[in-house]
Amino acid sequence: MSGKYFHFTIGPVQGFVAQSRRTRDLLASSFLLSYLSGHAMAAVMDQGGSIVFPDVHDQFKQIHNPLLQAINQTLQGKELFEGPWIGSLPNRFKASILEGFQPQKVEEAVQRAWIKIADIVWNETISDIAVLGNGTREIWERQVHGWWEMAWVIGDDPTLLNLRKNWRSYIPTIEPGDKCTLMPQLQELSGYVRSRHRQEQDMFWHSFHENQRNALDLRERERLSAIALIKRFYPLYAKKAIGWELPSVAVKFPPTTYLAAFPTILRMLEKSPEQAKKFASIALKSSKNTQTVALADHFPLLQRKAEKDVLLKKFIQLDGNVFFQRWADKVVDAETFAQLKPLYLGLSKEPSPYYAILLMDGDQLGKQLQKNEQKVSKALSQFCKDLNDLVRNHNGVVIYAGGDDVLAMLPVPEALPVAVKLQQKYRQAFREGGEPTLQATSSAAILYAHCKTPLKSVLQEGHHLLDQVAKDHAGRDSLAIGIWKSSGVALTWSAPWKVVCDGNPDQAQTIFDGFKEYTRNGDQTIFSNQFLYKLKTLYEQAPMLTNDPEEHRQKLKRLITADYVRIMDSEKCNEDEINQRIENLMKVCFVAKRKDDNVELTGKFRVAGALVAQFLAQEGEGVVE
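These numbers were taken from a predicted model, which means no experiment stands behind them.

### Concerning the overall build of the chain
Argument step 1. Scanning the chain from N- to C-terminus turns up 26 helices and 14 strands.
Argument step 2. For 625 residues, the compact-globule estimate of 2.2 N^0.38 gives 25 Å, and the chain sits close to it at 26 Å.
Argument step 3. Summarising its shape, the C-alpha atoms of the chain cover approximately 80 × 70 × 50 Å along the three principal directions.
Argument step 4. Counting all 625 residues of the chain, 57% fall into the buried class.
Argument step 5. Look at the contacts in the chain between residues 6 or more apart in sequence, and 73% of them connect residues 24 or more apart.
Argument step 6. As presented, the chain carries roughly 27,300 Å² of accessible surface, and 48% of it is formed by carbon and sulfur atoms.

Here it is as structure tokens:
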């Protein structure tokens, strides 16, 4: 061994992953970035190096990471019929290397894998119609060969890679002409300027559509760059491009409308299976495409409940838009829509238009790595183990899970329970490492977003919640929650995990659970928005009643209780019940932050916590929108 370390990173991450219009784009770009990082790791190991971080192999260099294992097998010429489809390798790694190590071989390996994928997509989608474009091949070559930024250093200092990245040797290409509708910094592939050559541009993309086996792979008015086209289409040709087929669950990924409709779909299966079958039989008569093949493979609970009936199986594969009366006419014809209307009126609840995106990240991982790199690496490997099953069993889908980062999408009722379990899983993974100095914590963000909000914007806001709200504002080891209705972000709330979990981060109970029992009284919301906004007006800007935060809290509690009693029907609720309700209200409405290693109750009162609690208790129905 040379005693030296090789640090490597590949990007851009946000520029590649976040610029996604569909959930399928998001999954494909996350996986591809992880896949290319895996090829870099394989090139290091091929030169006798050993990956130090992340934990991907044992001391005998037996690979246990499934993605790196699959990559290594294909490089050895072995044929794989199936392989992983979720990114599990970070875009950054550290390796110990031997004398004579050649870093350029790592870059060449990444570029070779990337060009192979690009060539397959070109041959399958563009080559036959390139002649119709204006310099299409030149645009393709420029974008493909100039896209990835790879940075590396050799040395012992773990900060060297950050210093290297500050050199900014990567210079993005300057793109002329009309821009890609998915990645607007890049030129679209026809090469025509629409204001001057509209007909030629339309002919190019019309011809592209005619060559595709599924019109939904590229929607009308979508005009893509080479990079966007590759990440949209390579999953369809995965066997040629990466060496193994991606399963239908990766190609037919659940759209946001389906995740939003999930609670209604499940409720219909459980309570009204006959109505569900009638709903499916009518919807399937439509001349439009209303069925998404293999969609239900993501949701084992739905599969179990529908497995004995053919029509129920078709029901759980319907396009998510069908379950919303306001959007169903976009995916079914007029006659079918008219027949479905009575069934919409028969639903016990109108579907909520919200779904959840969950992001999680380890706190101060760099400092943890400096303490004990090997144990941290193994702990993170343990954290990722069975993580996909955990999310899947809560009716969610994992986009990415590598190192300390997690990105997942879930129905509204499942996001908070999963976030709690993941932070517990993270703590437990480090405890099992047997190193008392590793007091590892994680922060998370849950954004409840309207299903018609552009996915790119949702991802950007989710990262803002995680970085600026959970980590910076709440002080790490925290959760941030945001609710984004169709017109924009409505509110945000954050608190340390100790507060979220009502004093014990290792328990499943949260301070929001108490609202589920009494948020609805028949059709009447007990903590009405009118009452909460009255509290906002009276107490959010009011001065502290005393210098002691706890004493201030108790005085404010008495004032709020008096306000509440005045509007309550005393026959429906006794004094103990009222006190419990107000206590639950106080738990979610007082701002808490982490200062150093302690949780600090600031004494600031904010109704945002109560509005989040009501939103969760009602599963996103009629609270914020």
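Now that the structure has been shown, the text picks up again.
### Section: the packing of helix H11 (residues 256-271) against helix H12 (residues 273-283)
Argument step 1. As a packed pair, H11 and H12 sit with axes 5 Å apart at the nearest point and diverge in direction by 120 degrees. Classified by the angle their axes make, H11 and H12 are oblique. On H12, the residues that touch Met268, Leu269, Glu270 and Lys271 of H11 are Pro273, Gln275, Ala276 and Phe279.
Argument step 2. Of the residues belonging to the contact of H11 with H12, the class tally is five nonpolar, one polar and two charged.

### Some remarks on the pattern of salt bridges
Charged atoms that come close allow side chains of opposite charge to pair.
Argument step 1. Counting across every chain of the model gives 27 salt bridges.
Argument step 2. Lysine 471 is the partner of aspartate 361 in a salt bridge, and the nearest nitrogen-oxygen pair spans 3.5 Å. Separated by 110 residues along the polypeptide, aspartate 361 in strand E5 (residues 354-362) and lysine 471 in helix H20 (residues 455-473) bring together distant segments of the chain.
Argument step 3. A relative accessible area of 14% places lysine 471 in the buried class.
Argument step 4. Each of Arg21, Arg22, Asp25, Glu222 and Arg232 takes part in a single network of salt bridges with overlapping partners.

### Describing H11
Argument step 1. The terminal C-alpha atoms of H11 lie 24 Å apart, and with 16 residues this matches the ideal 22 Å at 1.5 Å per residue to within 8%.
Argument step 2. For H11, the principal kink sits at phenylalanine 262 and spans about 50 degrees; a proline, proline 263, occurs within the next four residues.

### Overview of the pairing of strand E7 (residues 405-410)
Argument step 1. The element E7 is largely enclosed, with a buried count of five among its six residues.
Argument step 2. Examined bridge by bridge, E5 and E7 share five bridges and lie antiparallel to one another. Opposite methionine 360, over in E7, you have valine 406 as the bridge partner.
Argument step 3. Hairpin connection, strand E6 (residues 397-402) to E7: the antiparallel pair is bridged by two residues, and glycine 403 has positive phi, about 65 degrees.

### Comments concerning unusual backbone geometry
Argument step 1. Along the chain, glycine 11 connects to proline 12 via a cis peptide bond; the corresponding omega equals 5 degrees.
Argument step 2. Checked against the element boundaries, proline 12 lands in the loop between strand E1 (4-11) and helix H1 (14-17).
Argument step 3. With an omega of 5 degrees, the peptide bond running from phenylalanine 53 to proline 54 counts as cis.
Argument step 4. Despite not being glycine, aspartate 386 shows a phi value in the positive range, around 65 degrees.
Argument step 5. Tracing the chain through its elements places aspartate 386 in the loop between helix H17 (373-384) and helix H18 (387-392).
Argument step 6. Backbone geometry places aspartate 502, a non-glycine residue, at a positive phi of 55 degrees.
Argument step 7. In this structure, aspartate 502 sits in the loop between helix H21 (497-500) and helix H22 (515-518).

### What about a nonpolar patch on the surface?
Argument step 1. A surface patch of nonpolar side chains, amounting to about 290 Å² of accessible area, comprises Val131, Leu132 and Met203.
Argument step 2. Along the chain, leucine 132 turns up in the loop between helix H4 (103-126) and helix H5 (136-145).

### Some thoughts on the sheet that holds strand E3 (residues 92-97)
Argument step 1. Strand order in the open sheet made by the four strands is E2-E3-E1-E4, with antiparallel pairing throughout. Every other strand in the sheet has two partners, leaving strand E2 (50-53) and strand E4 (149-154) as the edge strands with one partner each. In this sheet, neighbouring strand axes are inclined to one another by 30 degrees on average, regardless of whether the strands run parallel or antiparallel.
Argument step 2. Two strands pair when backbone bridges link them, and E2 and E3 are joined in this way by three bridges, in the antiparallel orientation. Bridge pairing in E3 links isoleucine 51 to alanine 95.
Argument step 3. In the packing of helix H2 (residues 23-46) onto the sheet, the strands contacted are E1, E2 and E3, and the crossing angle to E3 comes to about 5 degrees.

Calculation criteria
- Residues numbered from 1 in each chain as written.
- Predicted model: local features only at pLDDT ≥ 70, side-chain atom pairs only at ≥ 80, totals over all residues.
- Heavy atoms only, no water.
- Helix = DSSP H or I, 4+ residues; strand = E, 2+ residues; numbered from the N terminus.
- Rg over C-alpha atoms; globule rule 2.2 N^0.38 Å.
- Buried < 20%, exposed > 50% of the residue type's maximum accessible area, 1.4 Å probe, protein only.
- Contact = heavy atoms within 4.5 Å.
- Areas by Shrake-Rupley, 256 points an atom, 1.4 Å probe, with all protein chains shown as cover.
- Axes fitted to C-alpha atoms, helices over the stretch in contact; angles between N-to-C directions.
- Parallel < 35°, antiparallel > 145°, perpendicular 65-115°, else oblique.
- Nonpolar A, V, L, I, M, F, W, Y, C, P; charged D, E, K, R; others polar.
- Salt bridge = Lys/Arg side-chain N within 4 Å of Asp/Glu carboxyl O.
- Expected span 1.5 Å × (residues − 1).
- Bend = angle between axes of the 7 residues up to and from the residue.
- Pairing = 2+ DSSP bridges.
- Patch = residues over 30% accessible without salt bridge, like charges linked within 9 Å, V, L, I, M, F, W, Y side chains within 5 Å.

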